[in-house]
Amino acid sequence: GEVGITLPPMAFLRAAPHLHAEPLRTLEAASAVEIVEARDEWLLVRVGGGAEGWIEARDVGLFDRRRAYGAPPAL
């Protein structure tokens, strides 16, 4: 899947795609996530160790794979 990184200082990986779902773990800023599925404002992601959970889409920045090699993206 597509790869992204978490943006806030701390983001919650949740058991289901809503804010009242049980937090499975916290992710520090710039944690790499693999996007498995997008649903409304949520992303199902896989993190290191193979754990999966839901994270708010606004908390994830996406990489453009075409920029993976060569010039860094302009920030």
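Owing to the predicted nature of the structure, the values given are computational and were not obtained by experimental measurement.

(A) Here's a closer look at unusual backbone geometry. The phi dihedral of Ala-30 falls on the positive side, at around 65°, and the residue is not glycine. Of note, Ala-30 is situated in the loop between strand S3 (23-28) and strand S4 (32-39). Taking the relative accessible area as the measure of exposure, Ala-30 reaches 54% and is therefore exposed. Positioned with a positive phi, Asp-40 is a non-glycine residue whose angle comes to about 55°. Mapped onto the elements of the fold, Asp-40 is located in the loop between S4 and strand S5 (42-46). Residue class for Asp-40 comes out exposed when judged on its relative accessible area of 74%.

(B) How the structure looks around the pairing of strand S6 (residues 52-56). Buried residues dominate S6, accounting for four of its five residues. Relative to S6, S5 runs antiparallel, the two sharing five bridges. Looking at S6, one finds that Leu-44 is bridged to Trp-54. With antiparallel pairing between neighbouring strands as the criterion, S5 and S6 make up a hairpin whose turn holds five residues, including Gly-49 at a positive phi of roughly 90°.

(C) Broad picture of the environment of Gly-1. Counting through the fold element by element, Gly-1 comes out in the segment before strand S1 (2-6). Exposure remark for Gly-1: the relative accessible area of 59% places this residue in the exposed category.

(D) Here's a closer look at the side chain of Thr-6. Examined against the element boundaries, Thr-6 turns out to sit in strand S1. Engagement of the side chain of Thr-6 in a polar contact is seen with the backbone oxygen of Glu-28, the distance being 2.7 Å. The contacts of Thr-6, once residues within four sequence positions are left out, are Ala-11, Leu-27, Glu-28, Ala-29, Ala-30, Ser-31, Val-33, Ile-55 and Asp-59.

Scoring rules and cut-offs
Residues numbered from 1 in each chain as written. Predicted model: local features only at pLDDT ≥ 70, side-chain atom pairs only at ≥ 80, totals over all residues. Heavy atoms only, no water. Helix = DSSP H or I, 4+ residues; strand = E, 2+ residues; numbered from the N terminus. Buried < 20%, exposed > 50% of the residue type's maximum accessible area, 1.4 Å probe, protein only. Pairing = 2+ DSSP bridges. Polar contact = N/O pair within 3.5 Å; in protein donor to acceptor, adjacent residues only side chain to side chain. Contact = heavy atoms within 4.5 Å.

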